[in-house]
Amino acid sequence: MASYIGSATSRVDGRAKVTGEAKYAGEFNVSGLVHGYVVDSPIPKGRIVRIDTSGALGVAGVIDVLTHSNRPTMADKDDAYKDEVAPEKGSPYRPLYDDRIQFTGQPVALVLAEDWETARVAASLVKIEYQKEPHVTDLQAERARAYAIDVPEKPRGDAEKAFASAAISHAAEYSIPTEHHNPMELFASTAIWENGQLTVYDKTQGVQNVQQYLCKVFKLQPNAVRVMSPYMGGGFGAGLRPQYQVVLAVLGANALKRPVRVVLTRAQMYALGYRPASIERLALGASSDGLLESMQHEAIAVTSQFEEFARNDTGWGNLLYKSPNAKFGHKLVKLDLPTSSDMRAPGAATGVYALECAMDELAIALKTDPVQLRLQCYSDRHQGEDLPYTSKQLRECYRQGAEAFGWDKRNAEPRSMRDGSELVGWGMASGVWEALQVPATVRIVLTANGHAEVATAASDIGTGTYTIMAQVAADMLGLPIDNISVKLGDSTLPQCPVEGGSWIASSVCNAIANTARAVRGDLLELAKATKDSPLAGAGVDDVALIDGKIVSKQDAGRAVPIASAMQSGKAERITREEINQPSEDKSHARNVHSAIFAEVKVDEEIGIIRVMRVVKAVAAGRILNPKTAHSQVMGGVVWGIGMALHEETLYDHRFGRVMNANIAEYHVPVNADIHDIKVIFVDEPDEMVNPLGIKGLGEIGIVGVAAAIANAVYHATGKRVRDLPITLDKVIEFV
Amino acid sequence: MIPFQYTRASDVADAIKQIAADPSAKFIAGGTNLLDLIKYDVATPTRLIDISRLPLGNVEETANGGVLIGALVPNTDLAYHPLIEARYPLLSRSILAGASQQLRNMASTGGNLVQRTRCFYFYDATTPCNKREPGSGCSAIDGINRINAILGTSQSCIATHPSDMCVALAVLEAIVHVTGPAGARTIALADFHRLPDNTPQIDTNLEPDEIITAIELPAKGFSTNYSYLKIRDRLSYAFALVSVAAALELDGDTIKEARVALGGVAHKPWRSPAAEVVLRGQRADASTFANAADILLRGARGFGHNDFKIGLARRAIVRTLSQAARGTPQSISDKKIR
């Protein structure tokens, strides 16, 4: 039997998704369902002075209007609101808690009605009087107030001195605007009380995170609350923390003793988390022969007034390049906005963008090919920790990516390549992310008819978790993939953290391996108990499960069918549950890497940019499923194109409001913006990172893409745009 | 959003009667703009009169060689209608440059004319806006105004008309057929949309109790030398930063007849007779086109974020006229600017 691991397996949930059989959080219907519609604050800061709900309550079909003054009880300590991935410092936002307004779009009332349209109509009749207070929402205007926070990367040498004395240097500031996740599925929660049990269908990347949060916020016993999220229409980090609609749905259900569903509008989703706007200052100094002597990276990013969210923007250079002197810093500006949050490759998408543009500018100053500069500065050790890598095939990424792209045909001179009225530009960049693992538990129930159920509380946020788990389980149990059913997204299933950071594939698949080994041990015992067992004397690691049989690794002729072993042992089912405990070994750095090559064509007069080709070569350990992996990386590349050219949340700082809070005016790439995308997976065997050699793929897809495009735009036009997105008016000065 | 009643009009006379009887009612056909406006609390009609079933769905040739388009012809059907594709390809291209396939399937020809203007503040009911609430002030002038107008603006409003189709209709000098209590009349497309002046709340010269029944295209279709170029912040499914519809009649290298209109830059499709005068009788070359662009953009003024649109429009005008003169109109599917 061929191995499922490594084969391009179609999604096992594909049919359910395209036929509509797969249900999402806002689609679970129960009789007596009440619909909630959120009234949100038009102002960013102040107090609620008065709420008049009489108009709304007068609408036929309206059951109640919940506000901070009449809501059911909730916890009154910060601790209760701190979820598994909440920032360490600060006081988490409490939905509908009191009269304070902390950001525009904050929920201030929940209208509960017999149908959604009625609730929506009534919501517009809720009259609220506010007392406004002065607010700040502009990072650039407030940057002087930025305060430093600790960064993991420690300084070494004297970076300033080395920069000042470097033969060739480059220093510049790069900026990335606020971006929002904009998953297709709207945030939604359905809360149902039944026989003293609360079931919540929620759009979340972590059912157990939400379950524990709800238990604390509403002082409920853990066994009384079940949170389900079987499918998710896009997460990207937006669903890592419990979002406010889940609290409102439970408040509604508690108040009415009826099932309540709350679905946010697209506009309301702009008051959830976001990728914080950041200003990234890079200073690189090199010797005349192109070796880095100094590397400085400081980021200034945004958080809310009430929590301190920050991700590592600045340490990435330590993973890529040798430099004897280095210094990193991170500052935060507190603004009257919701707390910023994780969004695909948090910290790296922004930090590596700036780093890799700066490396391009340094290469130009050195008159060195940008790939060559990266190879000259290439580091085989994590510079900050001075550790070797479990594996790092980045050199091979550069080589294979450059070859597939045809990089050797590049004329280094800006504006030197053209195609009719269009300037052609070729740019490249590196990408890097962490190969993370978290403790995760998987349960396998093997039944005598040769079927297995594989379960953990992870969510499949659209990445293909159901599929890769089925593949790995099929291989480990020696069963056809159709005999495997995977259960996810239910807080009552075995423990699993939120799905994020690209850690789920490695964590749950290694847990499957552990559990499957336990199942194999049980089967072996049963097999050994059969009369004249051909496996007598074998240990659990002397046998494998292949084609429905327990087979000796030494002699494939010695085998016992799983079915007979179970039958003779009168075992109807074997149930095992094992955890995958990530290795404590700190002797190696664990990372994924990539090289990105991009071609743009820019209309010389009008400045329209078209990204014609992107090659992304990725070294991410074992690729479980080339098909879903390809889709995931391609999606990251598309997002990188959007980050480079399109995405920007536009605030009017006078009002402290997002002005383009819809996907007509918040631009993400559409089909016309996307041309040829080639994804290469570089072979990277790695038995040290974890037993299955899996590193994870979710984040690496986007990292470095925007830099490659920005560098290509420079190469095409001779115009360096450091302030994303690169719109046509930044490329061409129209006079 | 407020609750509304829903009724159907049985014929044009009934539609007029119903709307005349209820000043807070609105006609609805495709609803591609009105429903958004209702959801955003920008429009608050207490009654929707559904006109989508009225028999206004034909495209037919007129006695004088033109074409009469029923007001309810869906945008998609119009763009792909053989008569339009063959004789008015500029109109077809402009429609296909707009919105998305799904919206074009729903949107009607008459509705396209009366879609409301585009401005972030008009669509955000929490901010001051003279168009929504006359006298409350214009938030866009000192606000986020990348998408706003550079021509024909007033102190009270800098919104833009979002239509692509109307830019082509302006060039084709379409005639809007309307019917009201006083009977039928026609309005030249140039007079249909208004500039904001001090009454930005009124987008068009269509009376509240009138209904559009048809759009008439004169015989001249400029099917040889034309182009519609739409410049936007992504390559499809976005409104125009600047769009240009150009139509020429050439005698060798000499321009016999010329028409140019701009979209995305004003409260209405923007044309300037003087700009077309300097094209007529001249050589069809870049310097002639640049002269026309200068005149067309006379008086243009930016408000900060949209300053670049003046220079962008100048280049786009020259480019579109060049495409038209060469007989190589801008492709809708291939986004390379020719």
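Going by an unreviewed UniProt entry, chain B carries the name FAD-binding molybdopterin dehydrogenase and comes from Bradyrhizobium jicamae.

Per an unreviewed UniProt entry, the recorded name for chain A is Aldehyde oxidase, and the organism is Bradyrhizobium jicamae.

S.K.: Can you walk me through the overall build of chain A in this structure?
M.R.: A count of helices and strands for chain A gives 18 helices and 31 strands. The C-alpha atoms of chain A give a radius of gyration of 27 Å, which matches the 27 Å a tight globule of 735 residues would have. Its C-alpha atoms give chain A principal-axis dimensions of roughly 85 × 75 × 50 Å. Within chain A, buried positions represent 65% of all 735 residues. Split by element, the accessible area of chain A, about 26100 Å² in all, is 49% carbon and sulfur. In chain A, 76 positive and 89 negative side-chain charges are present, and the distance between their average locations comes to 2 Å.

S.K.: What should I look at first to understand the sheet that holds strand 23 (residues 543–546) of chain A in this one?
M.R.: All names here are of chain A. Strand order in the open sheet formed by three strands is 23-24-25, and the pairing between neighbours is antiparallel. Looking along the sheet, the strands with just one partner apiece sit at the ends: strand 23 and strand 25 (559–561). Taking each pair of neighbouring strands and ignoring which way they run, the sheet shows an average axis angle of 20°. Relative to strand 24 (residues 549–552), strand 23 runs antiparallel, the two being bridged by four bridges. Bridged to Leu545 within strand 24 is Ile550. Of the strands in this sheet, strand 23, strand 24 and strand 25 touch helix 14 (residues 504–528), which is tilted by about 100° from strand 23.

S.K.: Quick question: what am I supposed to make of the interface of chain A and chain B here?
M.R.: Many authors give the size of an interface as the accessible area that is lost as the parts come together. Each side of the interface is counted separately: chain A has 42 residues, and chain B has 39 residues. Connecting chain A to chain B are eight salt bridges. Its salt-bridge partner being B:Arg319, residue A:Asp603 comes within 2.3 Å of it at the nearest N-O pair. Of all the secondary-structure elements, those providing two or more residues to the side of chain A that touches chain B are helix 4 (116–123), strand 28 (609–619), strand 29 (651–652) and helix 18 (728–731) of chain A. In terms of residue count, the dominant contributor to the side of chain A that touches chain B is helix 4 of chain A (three residues).

S.K.: In this structure, what is going on with the sheet that holds strand 27 (residues 591–603) of chain A? I would like to understand it.
M.R.: Note on sheets: strands pair through backbone hydrogen bonds, and any given pair is parallel or antiparallel. Residues and elements named next belong to chain A. Pairing is mixed across the open sheet formed by five strands, whose spatial order is 18-19-27-28-31. Every other strand in the sheet has two partners, leaving strand 18 (417–419) and strand 31 (676–681) as the edge strands with one partner each. Geometrically, the sheet is characterised by an average inter-axis angle of 25° between neighbouring strands, direction not taken into account. In this structure, strand 18 lies alongside strand 19 (residues 422–434), joined through three bridges in antiparallel fashion. When the sheet's bridge partners are listed, Asp419 is paired in strand 19 with Glu422. Relative to strand 19, helix 11 (residues 370–377) is tilted by about 20°, and along the sheet it contacts strand 19 and strand 27.

S.K.: Teacher, can you tell me more about the UniProt feature "domain: FAD-binding PCMH-type" (unreviewed entry) in chain B here?
M.R.: The sites that carry the UniProt feature "domain: FAD-binding PCMH-type" (unreviewed entry) are, in the present numbering, residues 1–222 of chain B. Regarding residues 1–222 of chain B, the helix share stands at 26% and the strand share at 17%, and the terminal C-alpha atoms are separated by 44 Å.

S.K.: Explain the domain arrangement of chain A here, please?
M.R.: Residue and element names in this part refer to chain A. Assigned domains within chain A: domain 1 (18–134 + 184–234 + 239–271), domain 2 (348–436 + 586–731) and domain 3 (438–580). On a C-alpha basis, the centres of domain 1 and domain 3 stand 39 Å from each other. Contacts between domain 1 and domain 3 engage 19 residues on the former and 19 residues on the latter. When domain 1 packs against domain 3, the two sides together hide about 1300 Å² of surface, and 49% of this comes from carbon and sulfur. Arg226 is the partner of Asp490 in a salt bridge, and the nearest nitrogen-oxygen pair spans 2.5 Å. Applying the counting criterion to the domain 1 and domain 3 interface returns 10 residue pairs in polar contact (both at pLDDT 80 or more). Of all the secondary-structure elements, those providing two or more residues to the side of domain 1 that touches domain 3 are helix 7 (207–217) and strand 11 (225–228).

S.K.: How should I be thinking about the packing of aromatic side chains in this particular structure?
M.R.: All names here are of chain A. For the structure shown, the criterion picks out 21 aromatic pairs over all chains. With 5.4 Å between their ring centres and 65° between their planes, Tyr37 and Trp116 make a pair best called edge-to-face. Of this pair, Tyr37 sits in strand 1 (residues 34–40) while Trp116 sits in helix 4; the two residues are 79 residues apart in sequence, bridging distant segments of the chain. Given the relative accessible area of 10%, Tyr37 is considered buried. An aromatic cluster is built from Phe405, Trp407, Trp426 and Phe597, whose rings are joined through pairwise contacts.

S.K.: I would appreciate a short explanation of the pairing of strand 6 (residues 175–180) of chain B in the present structure.
M.R.: Within a regular beta strand, the side chains point alternately toward one face of the sheet and then the other, so they alternate between its two faces. Residues and elements named next belong to chain B. Bridging between strand 6 and strand 7 (residues 183–188) involves six bridges; their strand directions are antiparallel. Bridged to His177 within strand 7 is Thr186. Examined bridge by bridge, strand 6 and strand 8 (residues 211–217) share five bridges and lie antiparallel to one another. Each residue of the ladder has a partner; that of Thr179, found in strand 8, is Ile211.

Rules used in this analysis
Residues numbered from 1 in each chain as written. Chains lettered and ligands numbered in written order. Predicted model: local features only at pLDDT ≥ 70, side-chain atom pairs only at ≥ 80, totals over all residues. Heavy atoms only, no water. Helix = DSSP H or I, 4+ residues; strand = E, 2+ residues; numbered from the N terminus. Rg over C-alpha atoms; globule rule 2.2 N^0.38 Å. Buried < 20%, exposed > 50% of the residue type's maximum accessible area, 1.4 Å probe, protein only. Areas by Shrake-Rupley, 256 points an atom, 1.4 Å probe, with all protein chains shown as cover. Lys, Arg positive; Asp, Glu negative; His and termini not counted. Charge placed at Lys NZ, Arg CZ, Asp CG, Glu CD. Pairing = 2+ DSSP bridges. Axes fitted to C-alpha atoms, helices over the stretch in contact; angles between N-to-C directions. Contact = heavy atoms within 4.5 Å. Salt bridge = Lys/Arg side-chain N within 4 Å of Asp/Glu carboxyl O. UniProt positions renumbered as here; feature names shortened; annotations may be inferred. Domains from an automatic or database assignment. Buried area = accessible area lost by both parts, 1.4 Å probe. Polar contact = N/O pair within 3.5 Å; in protein donor to acceptor, adjacent residues only side chain to side chain. Phe/Tyr/Trp six-rings, centres within 6.5 Å; stacked < 30°, edge-to-face > 60°.

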